[in-house]
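So you can see what is in the structure, the chains are spelled out below.
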Number of protein chains: 2
Amino acid sequence: MFIAMNRFSVDPEQGHVFESVWRERESYLADLDGFVQFALLKGDDPGVYISHTTWETRNDFESWTQSEHFKNAHRQAGPATGVILGHPEVSYYEAILVESAESVVS
Amino acid sequence: MFIAMNRFSVDPEQGHVFESVWRERESYLADLDGFVQFALLKGDDPGVYISHTTWETRNDFESWTQSEHFKNAHRQAGPATGVILGHPEVSYYEAILVESAESVVS
């Protein structure tokens, strides 16, 4: 399991604008090989959001970033630009232990 | 969906020790109400790890933190203390959009 997170600092008074842009976008993710889940997370700290995408493998994620789907999805991000403070911070993680409600995988 | 993350900075040369402690612990999570998934994530940045726990609701998470299961699980963390640099950073997130390979939930 591979997780890509992109952390945004948003003007706390403009959070609803940022959320709307995400709600209205077409993600093009659901049909991609190795895609598991996307979530837009809202932090307890004011104005903190994370775009949180889970893939079966890092290779699946990298294939997506090189696809037309990726370019199309990111072309829609324009309207959110004015409410984001600073640069988003990207970070990548490999799951080395996973334990779920149904099963244990190590 | 609620996600609790605890971010650890570990001496990069001691990462294998830190991982062993997590592999060998008893988590007591699988049977708890609202528990969805636990993952130990290893970041691309050297020495960065995140304990990443997903719950159906914040309330399910809070019930766990007040339980004997939580105390038992954290009693086992002692052996990792020497390899962790600084204090772990806890952060909490509510998912405001979720899209999975099988279905779309908003």
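Residues numbered from 1 in each chain as written. Chains lettered and ligands numbered in written order. Predicted model: local features only at pLDDT ≥ 70, side-chain atom pairs only at ≥ 80, totals over all residues. Heavy atoms only, no water.

Some words on helix α1 (residues 15–24) of chain B
Piece 1. Within the sequence span of α1(B), burial applies to G15(B), F18(B), E19(B), V21(B) and W22(B). Looking straight down α1(B), one finds that the buried residues subtend no more than 155 degrees of arc, so they occupy a single side. The exposed set on the far side of α1(B), more than 90 degrees from its buried face, consists of H16(B) and E24(B).
Piece 2. Considering only its buried residues, α1(B) is in contact with β4 (84–100) of chain A together with β1 (2–10), β2 (35–43), β3 (48–55) and β4 (84–100) of chain B. (Buried < 20%, exposed > 50% of the residue type's maximum accessible area, 1.4 Å probe, protein only. Helix = DSSP H or I, 4+ residues; strand = E, 2+ residues; numbered from the N terminus. Arc of directions from axis to C-beta. Contact = heavy atoms within 4.5 Å.)

A closer look at the relation of the copies chain B and chain A
Piece 1. Once chain B is rotated about the relating axis by 180 degrees and shifted along it by 0.0 Å, it coincides with chain A to within an RMSD of 0.0 Å. Given the turn and translation reported, the copies of this chain are related as if by a two-fold rotation axis.
Piece 2. Mapped onto chain A, 100% of the interface residues of chain B again fall at the interface, so both copies present the same surface. (Least-squares fit on C-alpha atoms with pLDDT ≥ 70 in both.)

Here's the deal with the environment of T54(B)
All names here are of chain B.
Piece 1. Looking at the element boundaries, T54 is found in strand β3.
Piece 2. Here the alpha-carbon distance between T54 and E94, two residues 40 residues apart in the chain, equals 9.9 Å.
Piece 3. In this view, T54 contacts M1, F2, I3, G34, F35, V36 and Q37; residues no more than four positions away in its chain are not counted.

Some remarks on the pairing of strand β1 (residues 2–10) of chain A
Residue and element names in this part refer to chain A.
Piece 1. Burial within β1 is extensive, with 7 of its 9 residues counted as buried.
Piece 2. Summarising the sheet, β1 and strand β3 (residues 48–55) pair through 8 bridges and their orientation is antiparallel. Each residue of the ladder has a partner; that of S9, found in β3, is V48.
Piece 3. For β1 and β4, the ladder comprises 8 bridges, and the chain directions are antiparallel. In the strand pairing of β4, N6 is matched with V90. (Pairing = 2+ DSSP bridges.)

Remarks on the environment of W55(A)
Residues and elements named next belong to chain A.
Piece 1. Mapping W55 onto the fold places it in strand β3.
Piece 2. With a relative accessible area of 0%, W55 lands in the buried category.
Piece 3. Placed 33 residues apart in sequence, W55 and W22 show a C-alpha to C-alpha distance of 19 Å.
Piece 4. Once residues within four sequence positions are removed from consideration, W55 is found in contact with M1, F2, L29, L32, D33, G34, F35, V36, D60, F61 and W64.

Focus on the interface of chain B and chain A
Piece 1. With 35 residues of chain B at the contact, the number on the chain A side is 35 residues.
Piece 2. Broken down residue by residue, the surface that chain B buries against chain A is led by I96(B), L97(B) and E99(B), which jointly contribute 23%.
Piece 3. Viewed at the interface, chain A and chain B are joined by 4 salt bridges.
Piece 4. Across the salt bridge formed by D44(B) and R58(A), the nearest N and O atoms sit 2.6 Å from each other.
Piece 5. Linking chain B with chain A are 15 residue pairs in polar contact (both at pLDDT 80 or more), by the criterion used here.
Piece 6. At the level of elements, β1, α1, β2, β3 and β4 of chain B are the ones that each hand at least two residues to the side of chain B that touches chain A.
Piece 7. Considering only residue class, the side of chain B that touches chain A consists of 22 nonpolar, 5 polar and 8 charged.
Piece 8. Bridge count between strand β2 (residues 35–43) of chain A and β4(B): 7 bridges; the pairing is antiparallel. Within the sheet, the bridge partner assigned to L40(A) lies in β4(B) and is L97(B). (Buried area = accessible area lost by both parts, 1.4 Å probe. Salt bridge = Lys/Arg side-chain N within 4 Å of Asp/Glu carboxyl O. Polar contact = N/O pair within 3.5 Å; in protein donor to acceptor, adjacent residues only side chain to side chain. Nonpolar A, V, L, I, M, F, W, Y, C, P; charged D, E, K, R; others polar.)

Considering the confidence of the model for chain A
Interpretation of the predicted coordinates at a detailed level should be avoided for regions scoring low in pLDDT.
Residue and element names in this part refer to chain A.
Piece 1. Summarising the model, chain A shows a mean pLDDT of 88, and 92% of its residues fall at 70 or more.
Piece 2. Within chain A, the element-level pLDDT minimum falls on strand β5 (residues 104–105), averaging 50, and the maximum on β3, averaging 97.
Piece 3. For this predicted complex, the interface confidence reaches an ipTM of 0.87, while the overall pTM sits at 0.89. (pLDDT = per-residue confidence, 0-100.)

As for the packing of aromatic side chains
Residue and element names in this part refer to chain A.
Piece 1. This model, assessed by the stated rule, comprises 26 aromatic pairs over all chains.
Piece 2. A ring pair is formed by F35 and W55, whose centres lie 5.6 Å apart and whose planes are at 70 degrees; its orientation type is edge-to-face. Here the residue F35 occupies a position in strand β2, and W55 occupies one in strand β3, the gap between them amounting to 20 residues.
Piece 3. Members of the aromatic cluster, connected to one another through ring pairs, are F2, F35, W55, F61, W64, F70 and Y92.
Piece 4. Above the ring of F38, the side-chain terminus of R25 is found at 4.3 Å from the ring centroid. (Phe/Tyr/Trp six-rings, centres within 6.5 Å; stacked < 30°, edge-to-face > 60°. Lys NZ or Arg CZ within 6 Å of the ring centre and 35° of its normal.)

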